[in-house]
Amino acid sequence: MSEHLKPLCGVLDGVLERLAAIESKLGLSQSAPTPAAATAASEEEETHPRLTAYDTHIQNALLPFTATCTTLGPEMSAIGTHIHSAWLGVRIVIELGTNYKRPSDPVTAIQPHLKPCQEAISKIRSARLDRKFDWHVKAINEMLASVSWVCVSPPPTPANFVKDTIGASDFWANKIRKEYKGKGGEEAENHIKFCDGMKGLVNDLAGYLKEYHLSGLAWNPHGRDFSEAKVGEGSGSAGSKPKASGAKAPVAGGGSGGAGAIFAELKQKQTGDGSSAATGLKKVSRDQQTWRKEYKKPDGAAAPQPSAASTVPKAKPASGDKPLGPPKCEYNDRGCKWSVENQTKETCEGGVCKVTVTDPKQQVSLCLLSSKQYIALFVIFESTTNLSIYDLYSNQVYIYKCQNVTIQIVGKLKSVILDNCTRCAVVFDTAISACEIVNCKSVQVQATNLCPSFSIDKTDGCVVHLTNQAVGLTSFVTSKSSEMNVSWPDDKGEVKEAPIPEQFHHRIVNGSVTSQVSDLYH
């Protein structure tokens, strides 16, 4: 049937349903199925247009690509088979969309039904092929990201999401083209066809999505509830003929379905005197229809309105309420890095916590490993808000997601990094390289000896304390930060504090941009 006539058929089906309802009420004998009803019954067995278009996509784009994989050898032939299985796994989800209504959380709901597709992709990624196919496998892995379109909700649209995978896959495909370009022979041509077929597959999929799934996976608003869907439902075969849920139910003559069947069943349940479940019901007058704007209660009061609590969505918990991960303070000998993470004033029970940390390779305490490296051996929480790390020489300390805690580092070290910390204070002796402060709020850093450079990025509220000897030797690099201050003692021992500029004047002089600190800081 022509695509242009299908909407008209739906209208005619609705008219026939209403006529059947009238006949049942009047007690008229139902005639044989009309030609239109027979047509609707035949359409019930036809494939939904979305599935038909997807099957066309498989025939025109997927099968030629898997054929090129077969020409490259048995190893790539197996990869092509898995790709075909992944595409058929997606077809199962598309078929579910034609039969069921959109669930409240589509991504979570379709996860069990994506298992065949996930298993096929897992087999591709775990395959171990000959080294000459390294670029082929990497290109395929990048292309397989396009399968995730079933979980995409705009922005971006599924079509644009799929097109974005072309650049990543083409990066490796162009290496293959460059390797076999100009070599001639059937083998070289097969490799070039592989690259072209893979790009054509993605482009054809994007075209299909743009037409049938423009704003995400399409669902059937008149279908069944998705909670009734069973895992494994759907043929997943391009040659199958699943039921098209978008078609109206046929109006059968003998009460086989539709409104006619409902009225026929009600008529059978009538008693001898003609009464039924609907007997005795009163008609709702216009002034009793509560959904109307002019509705009022008998006492003159206005119609009840939904409470604000029922209409206002629940407030999402603030990001600061998210629980931190388990506290961590350990040394990684690979890279000479200390990790201090998720420390708060509540992490110590009883007020004092003592933790002994040893080198995982040597398992010794207070031991000099070499002339260039000392290992910290004790981690002591001096109080509920104080953490000390002793004797870190030429090591890096990485402090992450700590809150309301003072971290003391004793000894010379390479660098200190504060990342995503809040209301923390860090005290260290000497940093040979630099101290970096990133994504922090309301932090204080003190160098009791020297630190040549401080880097402050995306931080709101930072105070750097320097010694008198380090004033002329320390530099600051700042970006996207606010409320930055530096304090130091002068020659008389009085502590001075000055803001680090945030506002600048920019001018174009002789073809280049020059910047000066705002007059607010003078």
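The structure displayed is predicted, hence computed values, not measured ones. (Residues numbered from 1 in each chain as written. Predicted model: local features only at pLDDT ≥ 70, side-chain atom pairs only at ≥ 80, totals over all residues. Heavy atoms only, no water.)

A. Representation of the overall build of the chain in the model. A count of helical and extended segments in the chain gives 11 helices and 16 strands. Counting only residues that meet the buried cut, the chain has 35% of its 522 residues in that class. Nonlocal contacts in the chain, meaning residues at least 24 apart in sequence, comprise 45% of its contacts between residues at least 6 apart. Put simply, the chain shows about 30600 Å² of open surface, and 53% of that area lies on carbon and sulfur atoms. (Helix = DSSP H or I, 4+ residues; strand = E, 2+ residues; numbered from the N terminus. Buried < 20%, exposed > 50% of the residue type's maximum accessible area, 1.4 Å probe, protein only. Contact = heavy atoms within 4.5 Å. Areas by Shrake-Rupley, 256 points an atom, 1.4 Å probe, with all protein chains shown as cover.)

B. Broad picture of the pairing of strand S15 (residues 504-509). Counting buried residues along S15, only 0 of its 6 residues qualify, which leaves the element largely exposed. Relative to strand S16 (residues 512-517), S15 is paired through 6 bridges, and the arrangement is antiparallel. Following the sheet pairing, His505 is matched in S16 by Gln516. Where S15 folds back on S16, the antiparallel hairpin that results is connected by 2 residues, among which Asn510 adopts a positive phi of roughly 55 degrees. (Pairing = 2+ DSSP bridges.)

C. Region of the structure containing the pattern of salt bridges. Evaluation of the coordinates by the stated rule reveals 9 salt bridges. Across the pair Lys328 and Glu330 runs a salt bridge whose closest N-O atoms are separated by 3.3 Å. On the basis of relative accessible area, Glu330 is assigned to the partly exposed category, the value being 41%. In this structure, Glu341 and Lys328 form a salt bridge, with 4.0 Å as the shortest nitrogen-oxygen distance. Pair noted here: Glu341 is in strand S2 (residues 337-341) and Lys328 is in strand S1 (residues 328-332), with a separation of 13 residues, a long-range link. Look at Glu341 and you get buried, because its relative accessible area is 16%. With relative accessibility at 27%, the residue Lys328 sits in the partly exposed group. Within this structure, Asp170, Arg177, Asp196 and Lys199 form a network of salt bridges that share partners. (Salt bridge = Lys/Arg side-chain N within 4 Å of Asp/Glu carboxyl O.)

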